[in-house]
Amino acid sequence: MGKFNRETPYNDLPFLPPKTDVETKNILRKTISAGRALAHLNGTLLNLPNPTLFLDTIYLQEAKASSEVENIITTNDELYKSLVADKKVENSATKEVLSYNEALWLGIEQLKKKPFITTNLCVRIVQCIKPNTASIRNTPGKTLSSTKGDVIYTPPNGEPIIREKLTNFEKFINEDDTIDPLIKMALMHYQFEAIHPFSDGNGRTGRILLLLYLKLSGLLDTPAIYLSEYIIKNKAEYYKCLRGVTENSDWENYILYMLDMIEVTSIKGLERLNKITLALEKTADEIKKKLPRIYSKDLIEILFRLPYTKRQHLINGNIGNPKTVGNYLQTLEKNGFLKSVKVGKEKLYLNEQLLKILEGKQDKLK
């Protein structure tokens with residue numbers, strides 16, 4: 001292969017697996033520590049009384065961070081309000097984050113039905129992220145540019161070539177078991193981003209595929225991890241490592257970056273999970289003591305599923321009829337457990353403690 005040219009379509013993008021050594025001593029050592037951290041998180045999730053309880057919240061956080069990588073910014077407060085309220089979402093960034101969240105859930109559900117990552121699944125995901133009927137790129141001229149407008153990469157061009165690369169990508173993910181799963185995860189992520197099969201939404205689709213692969217490979221039964229949070233904080237290094245593979249075949253630094261992402265986010269995710277669990281247990285104890293007639297395990301879980309809740313959530317959870325649950329929420333607010341907020345004509349109830357934990361504003365629970 002000749003010298004890489006940023007302005008020429010990378011139709012010579014090599015197939016997976018790479019011909020270079022991707023299991024160096026440094027990589028294998030890092031794989032052990034990353035795998036240990038991930039296994040610890042997985043074990044903790046599996047041992048929760050309700051392992052799916054925090055999924056809505058965790059997936060929304062991942063959706064928010066992944067969208068932020070693409071400079072699509074919204075606030076936690078706006079996001080959670082919009083998810084719960086009946087009022088139509090006006091903010092375009094919030095709409096995109098909610099679409100991403102929907103796409104992530106779609107991927108999880110499809111994986112349950114058919115445990116394979118395929119081109120068709122990728123297409124369905126991107127069509128959910130960018131609500132349209134777009135499929136594989138079939139028009140020339142796609143380039144990636146820096147903030148200064150300089151071309152930094154030109155992905156493969158021509159639908160037949162892109163589909164050929166994706167066929168190899170599928171086969172590598174679903175059939176090649178010769179490489180450690182965490183290393184394989186890093187390889188597949190680079191390849192997808194390098195193929196860049198869609199006109200838009202490639203980065204977000206690629207990051208959803210990371211979560212799906214962790215589940216598919218059995219590394220994380222419940223893929224509840226905020227990988228994009230790490231990328232946001234190390235964004236320049238992320239793109240530098242991707243370019244390093246493309247321009248210099250520097251797989252080692254890129255794979256080490258991805259393994260560190262797994263390790264750091266697993267450790268941080270476990271800490272956050274423990275804080276939420278502790279807050280839930282403490283709140284449950286206090287409500288049981290102060291308001292025994294209101295208390296139930298189901299009620300507490302509803303209050304901690306998302307930062308905002310409303311009467312309909314309690315009705316759907318069989319907590320009581322409209323009048324009863326309305327009285328419950330007012331009583332909980334009066335006793336300092338919730339705070340009411342008006343959104344349009346609707347009243348929502350905020351669990352401030354949960355929102356603070358999600359935003360990293362509460363290091364220690366009082």
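My aim in this report is to walk through the structure given alongside it, one point at a time. Along each chain, residue indices are assigned from 1 in the same order as the chain's sequence is written. In keeping with the model being predicted, local features are shown solely for residues with a pLDDT of at least 70 and side-chain atom pairs are shown and tallied solely at 80 or more, while totals for entire chains, interfaces and linings include all residues. Computation of side-chain values covers all heavy atoms of the structure but excludes hydrogens and water.

## Brief notes about the overall build of the protein chain
Argument step 1. When helices and strands are tallied, the protein chain shows 15 helices and 5 strands.
Argument step 2. Every radius of gyration here is taken over C-alpha atoms, with the globule rule written as 2.2 Å times N^0.38, N being the number of residues. Whereas a compact globule of 366 residues would reach a radius of gyration of roughly 21 Å, the protein chain reaches 22 Å, a difference of no more than 12%.
Argument step 3. Expressed as lengths along the three principal axes of its C-alpha atoms, the size of the protein chain is roughly 75 × 45 × 40 Å.
Argument step 4. A 1.4 Å probe rolled over the protein chains alone gives each residue an accessible area, and that area as a share of the maximum for its type sets the label: buried under 20%, exposed over 50%, partly exposed in between. Out of the 366 residues belonging to the protein chain, those deemed buried represent 51%.
Argument step 5. Pairs at least 24 residues apart make up 70% of the contacts formed inside the protein chain by residues separated by at least 6 positions.
Argument step 6. Put simply, the protein chain shows about 17500 Å² of open surface, and 49% of that area lies on carbon and sulfur atoms.
Argument step 7. Once the 53 positive and 44 negative side-chain charges of the protein chain are each reduced to a mean point, those two points are 7 Å apart. By the criteria applied, helices consist of DSSP H or I runs no shorter than four residues and strands consist of E runs no shorter than two, each listed in order from the N terminus. Residues are treated as being in contact if the distance between any of their heavy atoms lies within 4.5 Å. Throughout, the Shrake-Rupley method with a 1.4 Å probe supplies accessible areas, and for residues the shown protein chains are the sole cover considered. We treat Lys and Arg as the positive residues and Asp and Glu as the negative residues; His and chain ends play no part in the count. Where a charge sits is defined by one atom per residue type, namely NZ (Lys), CZ (Arg), CG (Asp) or CD (Glu).

## Topic: the nonpolar core
Argument step 1. Joining through side-chain atoms within 4.5 Å is the link that ties buried Ala, Val, Leu, Ile, Met, Phe, Trp, Tyr and Cys residues into a set, and such a set is a nonpolar core. The biggest cluster of nonpolar side chains holds 118 residues, and the ones touching the most others in it are Tyr-254 and Ile-255.
Argument step 2. When residues in this core are grouped by element, the largest group, 15 residues, is from helix H11 (residues 251-290).

## Focus on the state of the cysteines
Argument step 1. When two cysteine sulfur atoms are found within 2.5 Å, that pair is recorded as a disulfide. Applying the stated criterion across every chain, the model contains 0 disulfides.
Argument step 2. Its sulfur unpaired, Cys-128 is 13 Å from the next cysteine sulfur, which belongs to Cys-122.

## Some details on the packing of aromatic side chains
Argument step 1. Only centres within 6.5 Å qualify two rings of Phe, Tyr or Trp (six-membered ring in Trp) as a pair; their planes then separate them into stacked at under 30 degrees, edge-to-face at over 60, and tilted for everything else. Scanning the model with the defined rule gives 12 aromatic pairs in all.
Argument step 2. Geometrically, the ring pair formed by Phe-4 and Tyr-153 is stacked, given 6.3 Å between the ring centres and 20 degrees between the ring planes. Of the two residues, Phe-4 sits in the segment before helix H1 (25-46) while Tyr-153 sits in strand E2 (residues 151-153), which places them 149 residues apart along the sequence. Residue Phe-4 shares its accessibility class with Tyr-153, and that shared class is buried.
Argument step 3. When the ring of Trp-251 is compared with that of Tyr-254, the centres are 6.2 Å apart and the planes differ by 65 degrees; the resulting orientation is edge-to-face. A residue pair is termed a helical-turn pair when its members lie 3 or 4 positions apart in one helix, as Trp-251 and Tyr-254 do in helix H11 at 3 residues.

## A short note on the sheet that holds strand E5 (residues 346-350)
Argument step 1. Strand order in this open sheet of 3 strands is E3-E5-E4, and the pairing throughout is antiparallel. In the strand order of this sheet, the two ends are held by strand E3 (308-309) and strand E4 (339-343), each with one partner.
Argument step 2. Two strands pair when backbone bridges link them, and E4 and E5 are joined in this way by 5 bridges, in the antiparallel orientation. Paired with Val-343 across the bridge in E5 is Glu-346.
Argument step 3. Of the strands in this sheet, E3, E4 and E5 touch helix H14 (residues 322-334), which is tilted by about 50 degrees from E5. By definition, two strands form a pair when at least two bridges between them are found by DSSP. As a rule, the C-alpha atoms of each element are fitted with a line to give its axis, helices using only the stretch in contact, and angles between N-to-C directions run from 0 to 180 degrees.

## A look at the pattern of salt bridges
Argument step 1. Basic side-chain nitrogens of Lys or Arg form a salt bridge, by our definition, when they fall within 4 Å of a carboxyl oxygen of Asp or Glu. Inspection of the entire model under this criterion finds 16 salt bridges.
Argument step 2. Between Arg-6 and Glu-247 there is a salt bridge, with the nearest N and O atoms lying 3.1 Å from each other. Of this pair, Arg-6 sits in the segment before H1 while Glu-247 sits in helix H10 (residues 235-248); the two residues are 241 residues apart in sequence, bridging distant segments of the chain.
Argument step 3. Residue Glu-247 is classed as partly exposed on the basis of its relative accessible area, which comes to 27%.
Argument step 4. With its nearest N and O atoms 3.2 Å apart, the salt bridge here joins Lys-81 to Asp-77. Here Asp-77 and Lys-81 lie together in helix H3 (residues 76-84), a separation of 4 residues that amounts to about one turn.
Argument step 5. Note on Lys-81: relative accessible area 22%, which makes it partly exposed.
Argument step 6. Given a relative accessible area of 25%, Asp-77 falls into the partly exposed group.
Argument step 7. If you follow the salt bridges from partner to partner, you end up with Glu-96, Lys-130, Asp-200 and Arg-204 in one network.

## Topic: empty space enclosed by the protein
Argument step 1. Think of a 1 Å grid over the protein atoms and nothing else: a 1.4 Å probe that fits but is trapped marks a cavity, an open set flanked by protein within 12 Å on at least five of seven lines marks a pocket, and residues with an atom within 4 Å of a point count as lining. Grid points are joined across faces, edges and corners, and a volume is the space filled by probe spheres set on the points. Across all of its chains, the model carries 1 cavity of 30 Å³ or more by this definition.
Argument step 2. Reported here for the largest cavity is a volume of approximately 100 Å³.
Argument step 3. By residue class, the composition of the lining of the largest cavity is 7 nonpolar, 2 polar and 3 charged. Three classes are used: nonpolar for Ala, Val, Leu, Ile, Met, Phe, Trp, Tyr, Cys and Pro, charged for Asp, Glu, Lys and Arg, and polar for all others, with Gly counted as polar.

## Notes on the packing of helix H7 (residues 181-195) against H11
Argument step 1. Here H7 crosses H11 at 115 degrees, and the two axes come no closer than 9 Å. One way to sum up the angle between H7 and H11 is to call them roughly perpendicular. Relative to H11, the crossing made by H7 is right-handed. Contacts between H7 and H11 pair Leu-182, Ile-183, Met-185, Ala-186, Leu-187, His-189 and Tyr-190 from the former with Trp-251, Tyr-254, Ile-255, Met-258, Leu-259, Met-261 and Ile-262 from the latter. In these notes the angle categories are as follows: under 35 degrees is roughly parallel, over 145 is roughly antiparallel, 65 to 115 is roughly perpendicular, and the rest is oblique. Put simply, a crossing is left-handed when the front helix is turned counterclockwise from the back one by less than a right angle, and right-handed when it is turned clockwise.

## What to know about the environment of Leu-270
Argument step 1. Structurally, Leu-270 can be placed in helix H11.
Argument step 2. Distance in space between the C-alpha atoms of Leu-270 and Gly-317 is 27 Å, their sequence separation being 47 residues.
Argument step 3. Once you skip the residues sitting within four places of it in the chain, Leu-270 turns out to touch His-40, Leu-41 and Thr-44.

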